[in-house]
Amino acid sequence: MAALESPQPATATAMRHAFGNVLSVLILVLIGVLAFSIRLFSVIKYESVIHEFDPYFNYRVTQFLSKNGIYEFWNWFDDRTWYPLGRVIGGTVYPGLTLTAGTIWWVLNSLNIPLSVETVCVFTAPVFSAFASWATYLLTKEVKGSGAGLAAAALLAMVPSYISRSVAGSYDNEAVAIFALIFTFYLYIKTLNTGSLFYATLNALAYFYMVCSWGGYTFIINLIPMHVLLCIVTGRYSPRLYIAYAPLVVLGTLLAALVPVVGFNAVLTSEHFASFLVFIIIHVVALVYYIKGILTPKMFKVAVTLVVSIGMVVCLIVVAILVALVASSPTGGWSGRSLSLLDPTYASKYIPIIASVSEHQPPTWPSYFMDINVLAFLVPAGIIACFSPLSDSSSFVVLYIVMSVYFSGVMVRLMLVLAPAACIMSGIALSQAFDVFTGSIKYQLGGSSNSADDAEDTNNAPKDDAAAGKTDKGEETVKERSSKKGKKKEREPVEKPSIKSKIKKKALVLPLEASIVALLLLIMLGAFYVIHCVWAAAEAYSAPSIVLTSQSRDGLHVFDDFRESYAWLSHNTDVDDKVASWWDYGYQTTAMANRTVIVDNNTWNNTHIATVGTAMSSPEKAAWEIFNSLDVKYVLVVFGGLIGYPSDDINKFLWMVRIGGGVFPHIKEADYLRDGQYRIDSEATPTMLNCLMYKLSYYRFVETDGKGYDRVRRTEIGKKNFKLTHFEEVFTSHHWMVRIYKLKPARNRIRGKAKKLKSKTSSGWSSKSAKKNPWI
Amino acid sequence: MKQSSVVDLLLLLLAIAVLATPAFSDLVLSKVERRIDVTSQVARVTKTLKVLNSGSESVSEFTLTFPKFLGNNLAYLSVVHSEGKGKSKRPLANLSVREANAKGLPDSISVYSVSLPKALSKGETLTLEVVAAFTNVLQPFPEKITQGEIHLVMLQESAQYLSPYAVESQSLSIKLPNARIESYTKLENTKLQGSDLKYGPYKNLQPFSYSPIVVHFESKAAFAVAEKLVREIEVSHWGNVQVTEHYNVVHRGAQLKGEFSRLDFQARPNPRGASAFRHLLARLPPRAHSIYYRDDIGNISTSEMQSDSKKTELLIEPRFPLFGGWKTFFTIGYGLPLSDFLFASEGKRFVNISFGSPIIDLVTEKLIVQIVLPEGSKDISVTTPFTVKQSQEIKYSHLDIAGRPVVVLEKDNVVPDHNQHIQVYYKFSNINLLSEPLMLISGFFVLFITCIIYTRADFSISKSSPTYLAKLQWDEVLATLQEVQSIIQKCLAAHDKLEASLRDLSRTGDIQTCKAARKSTDSLLKDLSKDLKPLLGFLQSSPSASHISPKVEELVVKEKELQEKLMAKHTTVVEGYEKKSSGRDIENRIASQQQKIIALRQEIEDLLEFIDEI
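None of these values were measured; they are calculated from a predicted model.

Novice: What is the right way to read the overall build of chain B from this model?
Specialist: Each helix and strand counted, chain B has eight helices and 32 strands in total. In terms of overall dimensions, chain B is more spread out than a globule: its C-alpha atoms have a radius of gyration of 49 Å, far above the 25 Å expected for 614 residues. Projecting the C-alpha coordinates of chain B onto the three principal axes gives extents of approximately 155 × 60 × 55 Å. In chain B, which comprises 614 residues, the share counted as buried stands at 48%. Partitioning the intrachain contacts of chain B with sequence separation of at least 6 by distance along the chain shows that 76% fall at a separation of at least 24. Element-wise, carbon and sulfur atoms account for 54% of the exposed surface of chain B, whose accessible area totals about 29,900 Å². Separation between the mean location of the 72 positive side-chain charges and that of the 69 negative ones in chain B comes to 6 Å.

Novice: How do you make sense of the nonpolar core when you look at a structure like this?
Specialist: Across soluble globular proteins, nonpolar side chains show a tendency to be buried alongside one another. Within the largest apolar cluster, 192 residues are counted, with the highest numbers of intra-cluster contacts made by Phe185(A), Phe330(B) and Ile371(B). Ranked by the residues each element gives to this core, the list is headed by helix α23 (residues 415-456) of chain A, at 16 residues. In contact with Phe185(A), not counting residues within four places along its chain, are Leu139(A), Phe219(A), Ile220(A), Leu223(A), Ile224(A), Phe396(A) and Tyr400(A). Counting 56 residues, the second largest nonpolar core, distinct from the first, contains Leu64(B), Phe69(B), Leu105(B) and Leu172(B).

Novice: How should the sheet that holds strand β12 (residues 727-732) of chain A be read in this particular structure?
Specialist: Hydrogen bonds along the backbone pair up the strands of a sheet, which may run parallel or antiparallel. Residue and element names in this part refer to chain A. One open sheet accounts for five strands, arranged β6-β5-β7-β13-β12; its pairing is mixed. Looking at the sheet topology across the chains shown, the edges are occupied by β6 (596-597) and β12. Strand direction decides the pairing type here: strand β5 (residues 578-580) and strand β7 (residues 634-638), joined by two bridges, are parallel. Each residue of the ladder has a partner; that of valine 579, found in β7, is tyrosine 634.

Novice: So what exactly am I meant to see when it comes to the domain arrangement of chain B here?
Specialist: Interfaces are often described in size by the accessible area the parts lose on coming together. Residues and elements named next belong to chain B. For chain B, the assigned domains are domain 1 (24-218), domain 2 (224-434) and domain 3 (466-613). Inter-centroid distance (C-alpha atoms) of domain 1 to domain 2 is 31 Å. Across the contact, 20 residues belong to domain 1 and 27 residues belong to domain 2. Taken together, the two surfaces of domain 1 and domain 2 that pack against each other cover about 1,800 Å², and 53% of this comes from carbon and sulfur.

Novice: Before we go on, may I ask you to explain the domain arrangement of chain A in this structure?
Specialist: Once the domains are mapped, chain A shows domain 1 (194-333) and domain 2 (558-743). Using only C-alpha atoms to locate each centre, domain 1 of chain A and domain 2 of chain A end up separated by 50 Å.

Novice: Would you mind going over the UniProt feature "domain: STT3/PglB/AglB core" (unreviewed entry) in chain A with me for this structure?
Specialist: Taking the numbering used here, the UniProt-annotated feature "domain: STT3/PglB/AglB core" (unreviewed entry) corresponds to residues 576-635 of chain A. Taken end to end, residues 576-635 of chain A has its terminal C-alpha atoms 14 Å apart, with 50% of it in helix and 12% in strand.

Novice: Looking at this structure, I do not really get the sheet that holds strand β29 (residues 378-383) of chain B. What am I missing?
Specialist: Residue and element names in this part refer to chain B. An order of β26-β27-β32-β29 is seen for the four strands of this open sheet, with the pairing classed as antiparallel. Strand pairing shows two members of the sheet lacking a second neighbour, β26 (342-345) and β29, which therefore form its edges. Across the sheet, the mean angle from the axis of one strand to that of its neighbour is 25°, orientation sign disregarded. Note that strand β27 (residues 348-354) and strand β32 (residues 421-427) share six bridges and pair antiparallel. The residue of β32 that forms the bridge with valine 351 is valine 424.

Novice: How should the packing of aromatic side chains be read in this particular structure?
Specialist: Each aromatic ring pair is specified by the distance between its two centres and by the angle formed by the two planes. Counted under the stated rule, the structure contains 56 aromatic pairs over all chains. On the numbers, 5.5 Å between centres and 20° between planes, the contact of Phe179(A) with Phe183(A) is stacked. Here Phe179(A) pairs with Phe183(A), and both are found in helix α10 (residues 173-194), just four residues apart, close to one helical turn. Accessibility expressed as a relative area gives 15% for Phe179(A), which makes it buried. Aromatic pair Phe66(B) and Phe134(B): ring centres 5.6 Å apart, planes at 75°, arrangement edge-to-face. Taken together, the positions of Phe66(B) in strand β3 (residues 59-67) and Phe134(B) in strand β8 (residues 125-134) put the pair 68 residues apart, joining distant regions of the chain. By relative accessible area, Phe66(B) is classed as buried at 3%. The class of Phe134(B) is buried, set by a relative accessible area of 1%. Taken together, the ring pairs in this structure connect Trp568(A), Tyr634(A), Phe731(A), Phe260(B), Phe265(B), Phe320(B), Phe323(B) and Trp326(B) into an aromatic cluster.

About the thresholds
Residues numbered from 1 in each chain as written. Chains lettered and ligands numbered in written order. Predicted model: local features only at pLDDT ≥ 70, side-chain atom pairs only at ≥ 80, totals over all residues. Heavy atoms only, no water. Helix = DSSP H or I, 4+ residues; strand = E, 2+ residues; numbered from the N terminus. Rg over C-alpha atoms; globule rule 2.2 N^0.38 Å. Buried < 20%, exposed > 50% of the residue type's maximum accessible area, 1.4 Å probe, protein only. Contact = heavy atoms within 4.5 Å. Areas by Shrake-Rupley, 256 points an atom, 1.4 Å probe, with all protein chains shown as cover. Lys, Arg positive; Asp, Glu negative; His and termini not counted. Charge placed at Lys NZ, Arg CZ, Asp CG, Glu CD. Core = buried A, V, L, I, M, F, W, Y, C linked by side-chain atoms within 4.5 Å. Pairing = 2+ DSSP bridges. Domains from an automatic or database assignment. Buried area = accessible area lost by both parts, 1.4 Å probe. UniProt positions renumbered as here; feature names shortened; annotations may be inferred. Axes fitted to C-alpha atoms, helices over the stretch in contact; angles between N-to-C directions. Phe/Tyr/Trp six-rings, centres within 6.5 Å; stacked < 30°, edge-to-face > 60°.

Structure follows, in structure tokens:
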């Protein structure tokens, strides 16, 4: 895009290509800078800090890696989470992101550039966004030439959907995975275009990196086979296709099996089934083509009948075995998240824990506009452009967009996969549109000057040359860079006279005025997109969510309650104390407070989460018993009622009840519902008003304003004055957003004994209960 | 703690009763004034001693004594010889103080020996100003309080000055904070004036007189103690001194027992939580800039800064209010202009910077000051006004190769009185400043050179491998194709010229110029076709061009055809003009030729385009 608009002086023709190359490199560098810097709003507006929930886990893993080295990392059994079960981190984590950041940190530190692990983690995502836009350039260039490539790269650099996952501090798998995804696709297309085994090997390595980085690698290993199948079905089989696909499956699967978290899943689960099926098919097809080549047509017909009859039998047997294998596994070999992709209603029916995550919900229409903005309108044009002419590579991007549109419709999180496809399509559309419009303008301008000259019947060659040179610059920069040849010096004068005829051949010549207006409209569309993206980056997606701000009349107000209470936990409780909270805060508690948690955001053990959910929805005594049996010392709840922070634990309470009730049948959702709603006002059910979550959230809340008005639920609370018998408040943050309670020791009825126990320890309020930890 | 100090006291009294001390009897303290300031957590004792030599021999040593329970907590002690009285009093010299062995004195007394500026001969007097700061002597009592209770502390001292010398007249005044006073020991001559508690004057006391007093009062001071403080002072000769301070702060007052209720803490108008402190005030040097305040998990957004030309005041608020026993950790950092702190003397440079923490009223239990000097500094020496433990380290920072020398100073029990300047002397040549930029420049230079070499040079492993040869051949083919194209283009240009000459003819009717043009074009075309021959031959012979050569040949053939047609047309037209036939006639005659020419031209251009695509 920038290339099309940038002025380029008509210098000596020999210089022009060198200049064009330098210009496109410069544009790419600028795109990289743009991609990096648009993601720094969070650092500028807030601070250089890790965001949200999962990034804290990744940060903690990276810290561990940088401190203990790679071998310790593979064998890391984390006993500070999922107490008392623990978690094998090395075997259950996608290590790509961690290893990447760890490597960057290590390289920088061995160069004596003392950056902290945190800084490296914060800036990993923006750096990889720049890489991702360059990868987009490469991919689109393979499909439709460098003009489209540059446009797509510029679009991807600032697409809001991707920004939402890759702002500085958003240290999550997706940050590097999107780069890996695009780069893998690029290498696949490159292999497909060149048929080079070198690129095929690189492709397998890129796929390996993708497998290391994100569970979304299954998208690649399903999309590429689908494309291969498409090519075969449409009669586009070629040795290049074989080179592009077969090594990828063999090497890629071998490499993928090396990643501990994938392991034998790479051959066992149904997500990978398609790739093997297509692997067989492509070999059959390759064999057929080979035989066709060495046999006479007559012989070939005989052979076909022979092979088909035998082949059918073999195939049937293989299919039967596969079906039997798949059917023997309980979920049909598909993991829950994948199943919910195929059947969008699956999760809400069977797995509340997947359904409870907001990013696993289907997106709404406004979120499409929010996340890909004008690209949504450009994509169809891009698809049309891909069909004229349809090549192997353009059919791939068409398939990519179609699939990703479907997946994004199922899970809002997968908008992220759609974004690059939309950018590529829109880049192609924009570039083609600019081609047509600038071409038309050039023809119109050139044509008029020519006709004037023709009328005079003079030797108009030099003038024509100049006119052509002046007007076709936009097209030239785009077109000529796409051709791979380095030696364009000679060719240059050739092209000038032929341009006129070339344009004459084109059917798409629009009137001058229409072209100019359309160009202006396109530029306006682009400008609108840029404004939207900058706004989204600055306002919508830069909040780190652990620090909240609100703009009031007397200036900016900062709500730093989360870190306040994590810091309190980390400095004022015993290092081995266990903290119970809803799983959302598990990663943050382990990373920021360095305390053992019962459940965290990994959600690998539904029963354990259900136990905590049950405790939260039980009355105080029962909850105390559950927590005490888990050796919990502190209970942390998030409460937004005082300042109106909507995503607090009361609003998440329905999931606690649902997940708890899913495992422990004595928790019945109906007991908490009044008229089908969770209510905490005077209409609330007694079960609700007596459950632990209610009590811990609203303990002494009524004394703040005398009424107990909850600003989130916009109602007065139902039960106002109550005392806690088994818990005591030990800390409440400044805005009451986080409240920490301590389990009273079991023997607090015998006061003398409890006192004696207390005075033994160095600090009274963190005294250990006499009860021995059953797990140590 | 409290019990043991009481035992100490008893021992002390016992010892004093038994003692006979002839060794110290030569000196007499004619007047002793003691002032104890307990408004902060540090008990700061200021004594004015008037020493009189009543013996016959001159004395050069003076002995200071403290009860052991105070002496153990002595953080700072300075003795100044001063002159004059009242306002006109001026210090003359700092006297050196060392801990002495208690010769014949009981264990419950700490003894310090002061060497006098000059030997005190018979009958002479001398005035000494003694400043001593004690930590941990204000004992919280009760030791645990709830959130709503006030913070009470207890001070134990002696109403009479404990000295190995006889004292003629002495008085004690204790400056208490302006708050509740729970109780105090009442002796004769005890007066409470506002918040000042006065004992004395007492006259003519024997050596080692001692009468214990206990004051129990409310303290509103912040008992902020840094368990460990690491100050890193990094000197950069590019113009900045970067100070980074890591604090582990704990509230050492009475511990909080029971619940902490935010509701009560925030209650208006009667907040409960007087014993907690919310703020710490750091007084940074003037012109401090780039100040930050953070901890392990990010920036702490609760701080305020005020600065003017004299000072920079930073009011920092920990993430949560600190109650008794609560701990927190934070880091503050700031940059200072180098010119304010770096000076030169005698061919050496020295950094002159304050030793202790800028936070006021903070007691540091373990202070580690690391002064990071620029890479390449030599001959490092340190001057401090008091004894500290010294060592040296190497730190590797931005792009260091040899590392930066670090002077590490350690001291335990640091009170605000230790906030004096220390000097670090070193030698450094400015050439070293350039080493890192030069390193970067050469690094990038090497990088670019490598890139240039890589792109220009041929790095194929095997020069005889078929793919490599094929590539070379293909390159040649491409080059030949370019040449062919350019020649064809020239031909076409020549054709254009011919056409133009025809047009000129139709306008001017000048046959001669037209013929001349024809001639020149003919020769040009001949030359071109001569040029074309070897190229075509090459293409035909080259195996890798096998799929292109037919096209190229076709192109050449078509071009020839076009050329012939054009010549024919030209001849026809010129002949027509020579015969003076009418324009229409000529046009009719060449119409068919013209069509063919256009068709051929089109074909040639298509072929060119095709070749172009390769």
